[in-house]
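An overview of the molecular structure
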Amino acid sequence: MPEKSGSMYYNYKNYFSIVLLAVADSNYRFTYIDIGAYGKECDFTIFKESSLWNLMEKNELHMPDPEPINELQDQDFPYVFLDDEAFALTTNLLRPFKRAFGILSNKWRILHWPLNVATNFAVDIVKAACILHNIIREKDGLHYEEHEINELPIMGFEDAVHQANYVRGQHANEIRNKYAEYFVSDAGSVPWQNSSI
């Protein structure tokens with residue numbers, strides 16, 4: 001526990017932590033990281049305080065316009081970030097119907113144990129793990145057989161048009177349902193998906 005931090009780093013899983021907020025591309029490489037938020041904070045609150053959220057809100061991420069997902073589709077699909085259950089469902093953020101994904105902690109065993117170091121050094125350790133992770137992905141590529149199917153992220157989509165970025169409810173659900181329909185269709189399914197349900 002960092003000195004004089006009280007319960008700021010104490011998370012809902014009943015241990016002390018700092019938060020890694022990250023975006024990974026379809027090749028498992030980190031394209032954005034934000035490390036060091038208090039463990040007690042809600043993930044979506046941390047995201048809303050990040051530079052990435054600010055860029056999304058200002059429509060400064062230079063994302064492509066919605067387009068058909070393949071040549072067989074005539075509907076436009078917005079580009080989206082696929083996130084986990086901790087985030088709100090919005091036009092630009094889609095979460096699966098259940099289960100989250102993770103790509104860092106299984107590779108780096110140091111992250112399986114409490115880091116008995118100063119907070120700034122813990123942040124540096126996590127940054128180093130992210131950098132090493134990207135180097136290994138560049139060098140070795142991704143071998144799906146190394147992972148359990150439920151650890152694999154769905155291939156990364158990027159974000160889309162501003163369309164009142166923080167839209168919830170019906171519109172965001174319609175977008176998620178449109179993607180869901182595509183991913184269970186013959187055109188959008190992958191061979192292993194039904195065995196992981």
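The rules behind these values
- Residues numbered from 1 in each chain as written.
- Predicted model: local features only at pLDDT ≥ 70, side-chain atom pairs only at ≥ 80, totals over all residues.
- Heavy atoms only, no water.
- Pairing = 2+ DSSP bridges.
- Helix = DSSP H or I, 4+ residues; strand = E, 2+ residues; numbered from the N terminus.
- pLDDT = per-residue confidence, 0-100.
- Contact = heavy atoms within 4.5 Å.
- Core = buried A, V, L, I, M, F, W, Y, C linked by side-chain atoms within 4.5 Å.
- Buried < 20%, exposed > 50% of the residue type's maximum accessible area, 1.4 Å probe, protein only.
- Expected span 1.5 Å × (residues − 1).
- Arc of directions from axis to C-beta.
- Salt bridge = Lys/Arg side-chain N within 4 Å of Asp/Glu carboxyl O.

1. Here's the deal with the pairing of strand β2 (residues 30-38)
Along any regular strand the residues' side chains alternate between the sheet's two faces. One ladder, built from seven bridges, connects strand β1 (residues 18-24) with β2; its direction is antiparallel. Among the inter-strand pairings, Leu-21 is bridged to a residue of β2, identified as Asp-34. Following β1, the chain reverses through five residues before pairing antiparallel with β2; Tyr-28 in that reversal takes a positive phi of roughly 70°.

2. What to know about the confidence of the model for the protein
In the predicted model, the protein carries a mean pLDDT of 77, and 78% of its residues have values of at least 70. In the model of the protein, helix α4 (residues 170-183) stands out as the element of lowest mean pLDDT, 81, in contrast to β2, which has the highest, 91. Under a pLDDT of 50 for its full length, residues 144-167 has, in the predicted model, 72 contacts with residues more than four places off or in other chains.

3. So, the nonpolar core
In this structure, Leu-21, Phe-44, Phe-47, Leu-52, Met-56, Phe-81 and Leu-93 are the most contacted members of the largest nonpolar core, which totals 16 residues. Looking at this core, the elements that each hand over two or more residues are β1, β2, α1 (43-48) and α2 (51-57). In contact with Phe-47, other than residues within four places in its own chain, are Leu-21, Leu-52, Trp-53, Met-56, Phe-87 and Leu-93. In this structure, Phe-77, Val-80, Leu-89 and Ile-175 belong to the second largest nonpolar core, which totals eight residues.

4. Quick word on unusual backbone geometry
Of note, the phi angle at Asn-14 is positive, near 70°, even though the residue is not glycine. A positive phi angle, near 55°, is found at His-62, a position not held by glycine. Tracing the chain through its elements places His-62 in the loop between α2 and β3 (81-82).

5. Topic: α4
With 14 residues, α4 should cover 20 Å at 1.5 Å per step; its first-to-last C-alpha distance of 20 Å lies within 8% of that length. What α4 keeps buried is the set Ala-172, Ile-175, Arg-176, Lys-178, Tyr-179 and Tyr-182. Taken end-on, α4 shows its buried residues confined to a sector of 155°, consistent with a single buried face. Along α4, the residues that are exposed and aim more than 90 degrees away from the buried face are Gln-170 and Glu-181.

6. Topic: the pattern of salt bridges
The tally for this structure, following the rule as stated, stands at three salt bridges. Between Glu-138 and Arg-29 there is a salt bridge, with its nearest N and O atoms 2.9 Å apart. With Glu-138 in helix α3 (residues 119-140) and Arg-29 in the loop between β1 and β2, the pair connects residues that are 109 residues apart, well separated along the chain. Classification of Arg-29 by relative accessible area gives partly exposed; the value is 23%. The partner of Asp-140 in a salt bridge is Lys-139, with the nearest N and O atoms 3.4 Å apart.

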